[in-house]
Amino acid sequence: MNSLMPNETDTDRREHAATRLHHWLNYGSKSAILGFGAFWLPIGPVIMLVVVLALLFTPYLLWRLYQIGWYGWLGVFVVVVLVPLLVVRPLVDPRAMLWWYVFTVGPLLTFYLFIWVLRYVLGEHVDELKALRMMEASPTSSAS
């Protein structure tokens, strides 16, 4: 019986981490709306605010993905967001304004695209976990 307890606790921990991350993804994805404010507001402060929000949320996102055990999603995040930002951007000459801008704003766009896709995938996962919990909690009916 004791051998089952760590697995149940681990499953509960993962379920809690998935639920919390899904909550913050739904709440945090609203910050992408600020990007649309760039059409009416000066672009500099809007981009800076969106970057700061992304930087503040990233450690929490990576920590929760690790807790859930979604290592594939961690890898996708590294390839899609961090590699262009940390590897490719320093190689681009800042005097080539268009390319420098693309490799500066591009990772930000891919970050929010990643968040958007993850929010829907994680939402389905959380819904499945809730349905399984409800099935476990409901009394089984026997066919007569």
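Computed from a predicted structure; not experimentally measured. (Residues numbered from 1 in each chain as written. Predicted model: local features only at pLDDT ≥ 70, side-chain atom pairs only at ≥ 80, totals over all residues. Heavy atoms only, no water.)

**Here's the deal with the environment of Tyr-66**
Mapped onto the elements of the fold, Tyr-66 is located in helix 3 (residues 43-68). Among residues more than four places away in sequence, those in contact with Tyr-66 are Tyr-71 and Leu-74. (Helix = DSSP H or I, 4+ residues; strand = E, 2+ residues; numbered from the N terminus. Contact = heavy atoms within 4.5 Å.)

**What to know about the packing of aromatic side chains**
With the rule as written, the count across this model stands at ten aromatic pairs. Plain terms: the ring middles of Phe-77 and Phe-114 are 5.3 Å apart, the flat faces sit at 65 degrees to each other, and that makes the pair edge-to-face. Taken together, the positions of Phe-77 in helix 4 (residues 71-88) and Phe-114 in helix 5 (residues 97-137) put the pair 37 residues apart, joining distant regions of the chain. Residue classification places Phe-77 among the buried residues on the basis of a relative accessible area of 1%. Clustering of aromatic rings is evident, with ring pairs tying together Trp-70, Trp-73, Phe-77, Phe-111, Tyr-112 and Phe-114. (Phe/Tyr/Trp six-rings, centres within 6.5 Å; stacked < 30°, edge-to-face > 60°. Buried < 20%, exposed > 50% of the residue type's maximum accessible area, 1.4 Å probe, protein only.)

**A word on the pattern of salt bridges**
For the coordinates displayed, the defined rule picks out two salt bridges. Ionic pairing is found between Asp-12 and Arg-133, a salt bridge with its closest N-O pair at 2.4 Å. One end of the pair, Asp-12, is in helix 1 (residues 4-28); the other, Arg-133, is in helix 5, and 121 residues separate them in sequence. By relative accessible area, which is 38% here, Asp-12 ends up partly exposed. Its salt-bridge partner being Glu-15, residue Arg-133 comes within 2.8 Å of it at the nearest N-O pair. Remark: Glu-15 occurs in helix 1 and Arg-133 occurs in helix 5; sequence separation between them is 118 residues. Among the charged side chains, a salt-bridge network with shared partners connects Asp-12, Glu-15 and Arg-133. (Salt bridge = Lys/Arg side-chain N within 4 Å of Asp/Glu carboxyl O.)

**So, the confidence of the model for the protein**
The pLDDT averaged across the protein works out to 79; a share of 81% of its residues lies at or above 70. By mean pLDDT, the top-scoring element of the protein is helix 4 (88), and the lowest-scoring one is helix 2 (residues 33-36) (60). Note that pLDDT drops below 50 for residues 1-6; the model gives that stretch zero contacts with residues more than four away or on any other chain. (pLDDT = per-residue confidence, 0-100.)

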